[in-house]
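# Topology and contacts: notes
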Amino acid sequence: MATHPHSEQLAPVAAQNAVAVEVRDAARHYAMGATLVRALDGVSLTIAAREFVCLLGSSGSGKSTLLNIIAGLDRPTAGQVTIFGRELAGMASQELARYRRETVGIVFQSFNLIPTMSVEENVELPLRFAEVERAERSGRTRLALDRVRLSHRVSHRPSELSGGEQQRVAIARALVNRPSLLLADEPTGNLDSRTGEEIMNLLREFNRELGMTVVMVTHERSLADRFADRMLFLADGKLVPERSERSG
Amino acid sequence: MKTRDAVELAGRNLRESVLRNSLTTTGIAVGVASLVAMLSLGVGLQQLANRRLTRSGLFNTVFVFRQQRDRGPGGRRGMRGDSDAAQPSSPQTPQQPPRLVDEAARQEIAQLPGVAEVYPDIRFQGELRAGDRAQITTLGSLPPSARDNDAFETLKGSYFSAPAAGEVILRREFAELLADKPESLIGQNVTLRYAEREPMKPGQTTEEYDAGTVGFGFSVVPRERTLKVVGIVDEEPFGGFRGNSDALIPTALAEDLHAAQPAGLREIVGGGSGREQYTSLVVRVSSPSGVQKVEDGIKQKGFGTFSLLDATKSLRRFFTILDLFLGIFGSLALAVASLGIVNTLVMAILERRREIGIMKAIGASDTDVRRLFFAEAGAMGFCGGALGVALGWMIGRIINAGTNLYLRNHQLPSEQIWSVPWWLVGGAIVFALVVSLVSGLYPAARAARLDPVQALRYD
Ligand SMILES: Nc1ncnc2c1ncn2[C@@H]1O[C@H](COP(=O)(O)OP(=O)(O)OP(=O)(O)O)[C@@H](O)[C@H]1O
Ligand SMILES: [Mg+2]
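Here goes a summary of the coordinates provided. (Residues numbered from 1 in each chain as written. Chains lettered and ligands numbered in written order. Predicted model: local features only at pLDDT ≥ 70, side-chain atom pairs only at ≥ 80, totals over all residues. Heavy atoms only, no water.)

## Section: the sheet that holds strand β5 (residues 86–87) of chain A
Residue and element names in this part refer to chain A. Read across the sheet, four strands follow the order β2-β1-β4-β5 without closing on themselves; strand pairing throughout is antiparallel. Looking at strand neighbours, the two that pair on one side only are β2 (35–48) and β5, the edges of this open sheet. As paired strands, strand β1 (residues 19–32) and β2 are joined by eleven bridges and run antiparallel to one another. Paired with His29 across the strands is Arg38, a residue of β2. (Pairing = 2+ DSSP bridges. Helix = DSSP H or I, 4+ residues; strand = E, 2+ residues; numbered from the N terminus.)

Here it is in structure tokens:
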């Protein structure tokens, strides 16, 4: 299995046998009039199962684009993405939706909770799309909210919660379908450092205790240093060694 | 996503922007109401016309009599006894031999589908005496069902109290001959003198009959019967179409009297069977549109028939066209309302762009999103439809009340000119639902197409 030289260099100490994510020569181009914007430009990487990987890079370097492609929300212009052995390019939109609700949990910087729904309803929503039986739903919702220690705020609306609490609701929502891959796009970006740390602790907890593979985008090098098994650096749509990321 | 969840989510979305959605729903309701009001007016008018025709008793009746075989091509061509005058299309080639119009025939015809009632048309001569005045006249007979005939709308007194009551209803003209003030006769007894037909029993009469050379015979005996006058009518029932009679008695009573009738003579000369025969039978058909079928069925059995051409046929065509036009005008409002749905849902997509992106990110498929918007359109359509039917019903009540007020002011009997049948209630709601779903097609497709990455990109 040929992996990108940079990721080889930054490989984690703990060797993992199963491959969770494999991206090969992925590109995502946007045509803006006459110019071509290369949001991603030939990225290859491999992430092992149960690994906690942080994606770093300056603004506009293509981090979100890469994460969305792994999440099956976006399709690459070229290249292949294989998640737990399944190639995403071959999937029809219906299958891709199924992949998103069964395999992936997503957390965003801006929480992205539905404002008109209560905490409980927000967390339950993915179960509706997954057509989980009604009787089972409330139990699983409670369990997910227990995990993020929010069982006491179930009937509140998101606007009545603090930022950290909202992000915990979003994490519970990402967890409720028991995904094997947790993707987070700057989950601490809108939070103060203490609350951000709480969130990071939660993510690590899931990574360690539930065996979830975590891919997280962040700006904050210090957080990545403390929590990640491995760091990947992006600049101008390409994976780069750490040094060039710092200079850019 | 399961339909129940889609409906539940749609319901909560509709509640979230309650003003806008209830305005849209009201728009549909007004559209449906105008449709319902228009169509129920059409249906009501049609029922009114049908009711009048049915009550005239002319268009739902088939007369049955013995077929006359001895008639050549240039033979008698009257109204009675000549079915071809009324039905020139049916050829005069009966497969069956002519049948006797007797009790067996009556039972048989009563079994035909679409037949409501069969009764003999009994008509005989008699003398009626009230006090010192007496008049000879023709008596007719009517069954209880004839009470609905429009001639009895202006009946003074009452109709027969029982199917075989010893009662008589007189025509005003005739009653005037018996009393100076016809109304004074009501409740009085009159005496009827008539000829009763008594079948001969062997050994009772002539040698020829006893010897068996003539199979059958009867004697005629004068009889008297006291009848109570219960009513006075101005017009002849059935427009006098069945023949004139000045006094009417219940059919069952007339059968009981065994009065001698012209047909009785034919039985003797024609080598009768010994069973009593009727001059003619009156077949009442359940609806005017069924007359043709029933008449054909009776003809097949070998009887002569007569009916008026189905006058309701052209009436029905007229009302179908009227309903169509009323429906089109009614639908215009609904078409406008459906644009309201499109507008509301497109607005909702713009507003809920981010929400749609979130739903897709957490696993909603395009189909789920489409279903959600469909459910919203459908819910608005259903509520609007139900509300509209209620509204249309109320409008109809008001039109009805207004018309009747007008009729009353002009000393006319009130009429139900408006009617909401169940098919219209159900149909209007289903129609509103379908229109809404069609209106939801475009917004739903647009929502489903939304790119989640773009939708989530900006805060
Ligand atoms: N729809 C689009 N059309 C044109 N260009 C786009 C589009 N989406 C993204 N881009 C461009 O692709 C590049 C990468 O964007 P991306 O959102 O992945 O960056 P990022 O690393 O997540 O940045 P940030 O840290 O600010 O979130 C940017 O230069 C952006 O302008
Ligand atoms: Mg980003």
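We are not done yet, so read on.
## Considerations on a nonpolar patch on the surface
Residue and element names in this part refer to chain B. A surface patch of nonpolar side chains, amounting to about 490 Å² of accessible area, comprises Val30, Leu391, Trp393, Met394, Ile395 and Ile399. The leading source of residues in the nonpolar patch is helix α12 (residues 366–409), at five residues. Mapped onto the secondary structure, Leu391 falls in helix α12. The exposure class assigned to Leu391 is partly exposed, which follows from its relative accessible area of 33%. (Patch = residues over 30% accessible without salt bridge, like charges linked within 9 Å, V, L, I, M, F, W, Y side chains within 5 Å. Areas by Shrake-Rupley, 256 points an atom, 1.4 Å probe, with all protein chains shown as cover. Salt bridge = Lys/Arg side-chain N within 4 Å of Asp/Glu carboxyl O. Buried < 20%, exposed > 50% of the residue type's maximum accessible area, 1.4 Å probe, protein only.)

## Some words on the pattern of salt bridges
What the rule picks out here adds up to 44 salt bridges over all chains. A salt bridge links B:Glu8 to A:Arg134; the nearest nitrogen and oxygen atoms lie 3.0 Å apart. Taken together, the positions of B:Glu8 in helix α1 (residues 3–16) and A:Arg134 in helix α5 (residues 134–147) put the pair across two chains. A:Arg226 is the partner of A:Glu197 in a salt bridge, and the nearest nitrogen-oxygen pair spans 2.9 Å. Here A:Glu197 is found in helix α7 (residues 193–210), whereas its partner A:Arg226 is found in helix α8 (residues 221–227), with 29 residues between them in sequence.

## Observations regarding the environment of A:Ile69
Residue and element names in this part refer to chain A. Tracing the chain through its elements places Ile69 in helix α2 (residues 63–70). For the pair Ile69 and Ala26, spaced 43 residues apart in the sequence, the C-alpha separation amounts to 9.0 Å. Those residues within four positions of Ile69 in sequence are excluded, and the remaining contacts are Arg28, Leu40, Asp74, Arg75, Pro76, Val81 and Leu88. (Contact = heavy atoms within 4.5 Å.)

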